[in-house]
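Architecture and fold: a report
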Amino acid sequence: MCTGNAQEDYDFHTQVLGLKSVKKTALYDGTVPIYHLYYANDHGDESTILTSFPMRQSGRVGKKGSGQIASISLSVPESSLGFWRDHLRDAGYEHSERERFGEKMLVLTNPGGIEYELVGIADDERTPYAGGGIPPSFAIRGTHGVTVSVRDFETSMEFMETGWNGHRTAEEGDVIRYEVGDGGTGRIVDFKRDRDLPQGSWTFGEGTVHHVAFQVDSLDTQDSVKAHLEGLGYTDVSDRKDRGYFESVYVRTPGGALFEATVSKPEGFMIDEPYEQLGRDFQVPPVFAEQAEWIKSYLEPLNY
Ligand SMILES: [Fe+2]
């Protein structure tokens, strides 16, 4: 996500949502440093990770629109929605309520202008972070899915079915649901048809979601995904990029949103700091190692 002020972003995710900071680093791309803050469960397990690029310092603002991820949904226990209703109100976050495919949810906007849905799920076995001040019986289990805004469905359906191991599992009004892999919570992509919504921006810009990542199980599989996509004609697939904690390839999907296929490194987030200190101190990206002191002094202050 491209959010706003780093401190607001950090405080919201760690204090209001009760997630754990599992890494503080900077965006590995570009020439001007931008924070990259990771929030997740205790160990930063796949499917529990939200990450932010606080853009306010750069002054770069995004444009919401179609061809873009419109909202991010998080799984909470179905029985916790009452708790979250009160908790968000007490923290000063307005929310609305809606239902999609029989799932009840609270809808709010995070301080960076990104829409979040807290979706009540009855049987999510993932272990939540217990140290964030939210009772574990109510705490966020991980991601549930994303909603991608598209102007029409057809090219996205073709991409999901032929290129992205997706299975169409439901349709309701102007939304079609896909699930990837074994399906279920954490593996959901809803496509929302917004016929007349102009294309959103693709840059890193405050208030927009730049991309969504999907886990693949090995570098060999990642190679196959890339080769398969290119063979289908989706040649807008990046080379493999080393992101420190995982390795990524990116593809621009025909609907406009950017998808990432990522392989975790065995050490994961503990590659540069031990579990006991996970996410505590700023980690300079290896690509900027020679400019470490400059980056630390350049980035806006972040208290934690
Ligand atoms: Fe990513």
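Reading the values: the criteria
Residues numbered from 1 in each chain as written. Predicted model: local features only at pLDDT ≥ 70, side-chain atom pairs only at ≥ 80, totals over all residues. Heavy atoms only, no water. Phe/Tyr/Trp six-rings, centres within 6.5 Å; stacked < 30°, edge-to-face > 60°. Helix = DSSP H or I, 4+ residues; strand = E, 2+ residues; numbered from the N terminus. Buried < 20%, exposed > 50% of the residue type's maximum accessible area, 1.4 Å probe, protein only. Lys NZ or Arg CZ within 6 Å of the ring centre and 35° of its normal. Pairing = 2+ DSSP bridges. Contact = heavy atoms within 4.5 Å. Axes fitted to C-alpha atoms, helices over the stretch in contact; angles between N-to-C directions. Donors = N, O, S within 2.8 Å, 3.2 Å for Na, K, Ca; no water. Salt bridge = Lys/Arg side-chain N within 4 Å of Asp/Glu carboxyl O. Parallel < 35°, antiparallel > 145°, perpendicular 65-115°, else oblique. Left-handed = near helix turned anticlockwise from the far one by under 90°. Nonpolar A, V, L, I, M, F, W, Y, C, P; charged D, E, K, R; others polar.

1. Focus: the packing of aromatic side chains
According to the stated counting rule, one finds 20 aromatic pairs in the structure shown. Aromatic side chains Y38 and F269 sit 5.2 Å apart centroid to centroid with 70 degrees between the ring planes, which places their arrangement in the edge-to-face category. Residue Y38 is located in strand 3 (residues 35–40), and its partner F269 is located in the loop between strand 16 (258–264) and helix 5 (292–298); the two are separated by 231 residues in the primary sequence. Here Y38 falls in the buried class, since its relative accessible area comes to 2%. Over the ring of Y304 we find K24; its NZ or CZ atom is 3.7 Å from the centre of that ring. R252 extends its terminal NZ or CZ atom over the ring of W202, reaching a point 3.8 Å from the ring centre.

2. As for the pairing of strand 4 (residues 50–54)
In terms of residue burial, strand 4 counts as a mostly covered element, since five of its five residues are buried. The sheet contact formed by strand 1 (residues 2–3) and strand 4 spans two bridges and is parallel. By the bridge assignment, T3 is partnered in strand 4 with P54. Bridging between strand 3 and strand 4 involves three bridges; their strand directions are antiparallel. Across the sheet, Y38 pairs through a bridge with T51, a residue of strand 4.

3. Some remarks on the sheet that holds strand 15 (residues 246–252)
Taken together, four strands build an open sheet; the order of strands is 13-16-15-14 and the sheet is mixed. Every interior strand has two partners, whereas the edge strands, strand 13 (211–215) and strand 14 (241–242), have only one. Of the strand pairs in this sheet, strand 13 and strand 16 are connected by five bridges, and their pairing is parallel. If you follow F214 over to strand 16, its bridge partner there is A261. Here helix 4 (residues 219–232) sits on the sheet in contact with strand 15 and strand 16, set at roughly 10 degrees to strand 15.

4. Quick word on the coordination of the iron ion
Looking at the iron ion, one finds its protein donor set to be H211 (NE2) and E260 (OE), positioned 2.1 Å from the metal centre. Of the two residues, H211 sits in strand 13 while E260 sits in strand 16, which places them 49 residues apart along the sequence.

5. Side note on the pattern of salt bridges
Counted according to the given criterion, the structure contains 25 salt bridges. Of the charged contacts in the structure, one is a salt bridge between R98 and E117, with a shortest N-O distance of 2.5 Å. A residue pair is termed long-range when its members are at least 10 positions apart, and R98 in strand 6 (residues 96–100) and E117 in strand 8 (residues 115–121) qualify at 19 residues. By relative accessible area, which is 34% here, R98 ends up partly exposed. Looking at E117, the relative accessible area reads 0%, which means it is buried. Close ionic contact of E293 with K296 constitutes a salt bridge, the shortest N to O distance being 4.0 Å. Residue E293 and its partner K296 are both found in helix 5; the two are separated by three residues, about one turn of the helix. For K296, a relative accessible area of 45% gives the class partly exposed. Connected through shared salt-bridge partners, R98, R100, E103, E115, E117, R177 and D190 make up one network.

6. Quick look at the sheet that holds strand 7 (residues 103–109)
Two strands in a sheet stick together by hydrogen bonds in their backbones, pointing the same way (parallel) or opposite ways (antiparallel). Strand order across the open sheet formed by eight strands is 6-7-8-5-9-12-11-10, with mixed pairing between neighbours. Either end of the sheet is taken by a strand with one partner, and the two such strands are strand 6 and strand 10 (166–172). Between one strand axis and the next, the sheet turns by 30 degrees as a mean value, whatever way the strands run. Two strands pair when backbone bridges link them, and strand 6 and strand 7 are joined in this way by five bridges, in the antiparallel orientation. The residue bridging E97 from the neighbouring strand is L106, located in strand 7.

7. Examining the packing of helix 3 (residues 154–163) against helix 4
Between helix 3 and helix 4, whose axes approach to 11 Å, the crossing angle comes to 135 degrees. Of the possible angle classes, the one that applies to helix 3 and helix 4 is oblique. Note on packing geometry: the crossing formed by helix 3 with helix 4 is right-handed. Every residue of helix 4 that contacts helix 3 at F159, T162 and G163 is listed here: H228, L229 and L232. Looking at the contact of helix 3 with helix 4 residue by residue, the class counts come to three nonpolar, three polar and no charged.

8. Some words on the pairing of strand 9 (residues 142–150)
Within a regular beta strand, the side chains point alternately toward one face of the sheet and then the other, so they alternate between its two faces. Among the nine residues that make up strand 9, nine are buried, leaving the element largely enclosed by the rest of the structure. Bridging between strand 5 (residues 68–77) and strand 9 involves seven bridges; their strand directions are antiparallel. The partner of I72 across the bridge, within strand 9, is V146. Examined bridge by bridge, strand 9 and strand 12 (residues 188–193) share six bridges and lie parallel to one another. If you follow V150 over to strand 12, its bridge partner there is R193.

Nothing here speaks to function; it is all geometry.
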